[in-house]
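Structural overview for review
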Amino acid sequence: MSETQDDSLPQVMTRALKHAGGSVVDIVLPPQELLSLAGDPLSKRLWENVTFLDAPWCEACGFPFEYQIADGGLCGRCSVRKPAYDHARAAMAYDDGSRALVLSFKHGGRTEGLAGFAAQMRRAGRDILDGADYLIPVPLHPSRLIRRKYNQAALLARALGKITSAKFDPDSLMRTKRTESQGQFNLRQRADNVRGAFDIRPGAMDRLQGAHVILIDDVLTTGATLEACARTLKKAGARQVDGLCLARVAKAAALPT
């Protein structure tokens, strides 16, 4: 493990920028200034509108609370049924303030904000990153990867791997089922849509035995995708599976049945 570092917002941003470097993706999708941490007023306004998340939150899923709670407190959903993953954390609320940032990165090829995104994810996930072995991105189906040209979860995981001690691992988990977009489904339909969609790649079983895995994704909505991945990884022998996302929907959802 690396030595203890200051996790205040200014310090973690500075460290991330120092560690971030160019990549093949930057050649294909040249960086621009819209999402940079410094620059024109539009960039600054986009960042200023973001609601960054931190404790107090649900111990299990990371749903933010408006008031301080006892250690280990759970939200209503997790009190009824705890998720298949152990913990989930997210760096920012997915709302009108962050939507432009997230969608420009996810669908618009804007990768220049990765250093800042990774820094915020490290801050939000500091409790689960401690002692983690692998950062595993939620995989895309090959057909969707070809159409989108990159997996945003993999880019986040790789950037996070540069500023944490956990190893970037894009090779253990694969998506074997081409699923429909989750945005059109309700809670139960989302779970059905991703059921059986993931598997372990040949040769990855040994390194997953007893491992502490952090699943990386861009947006957490109901958690159905994280749960499907967590079940697959735990069945393969992972000891602990947590989720760390760039953003999450922070509105109260219906209780599970």
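None of these values were measured; they are calculated from a predicted model. (Residues numbered from 1 in each chain as written. Predicted model: local features only at pLDDT ≥ 70, side-chain atom pairs only at ≥ 80, totals over all residues. Heavy atoms only, no water.)

What follows is about the confidence of the model for the chain. Within the chain, residue pLDDT values average 80, and 74% of them lie at 70 or more. Low confidence marks residues 1–38, where pLDDT is under 50. Its contacts with residues over four positions away, or in another chain, come to 68 contacts. (pLDDT = per-residue confidence, 0-100. Contact = heavy atoms within 4.5 Å.)

Per the stated rule, a full pass over the model turns up 11 salt bridges. Taking the shortest distance from any N to any O, the salt bridge between E227 and R81 comes out at 3.2 Å. Linking E227 in helix 12 (residues 224–235) with R81 in the loop between helix 4 (76–80) and strand 1 (87–93), this pair joins segments that are 146 residues apart in sequence. The buried category is assigned to E227, whose relative accessible area is 6%. Residue classification places R81 among the partly exposed positions, given a relative accessible area of 37%. Between E112 and R110 there is a salt bridge, and its shortest N-O distance comes to 3.1 Å. Using a relative accessible area of 15% as the deciding quantity, one classes R110 as buried. (Salt bridge = Lys/Arg side-chain N within 4 Å of Asp/Glu carboxyl O. Helix = DSSP H or I, 4+ residues; strand = E, 2+ residues; numbered from the N terminus. Buried < 20%, exposed > 50% of the residue type's maximum accessible area, 1.4 Å probe, protein only.)

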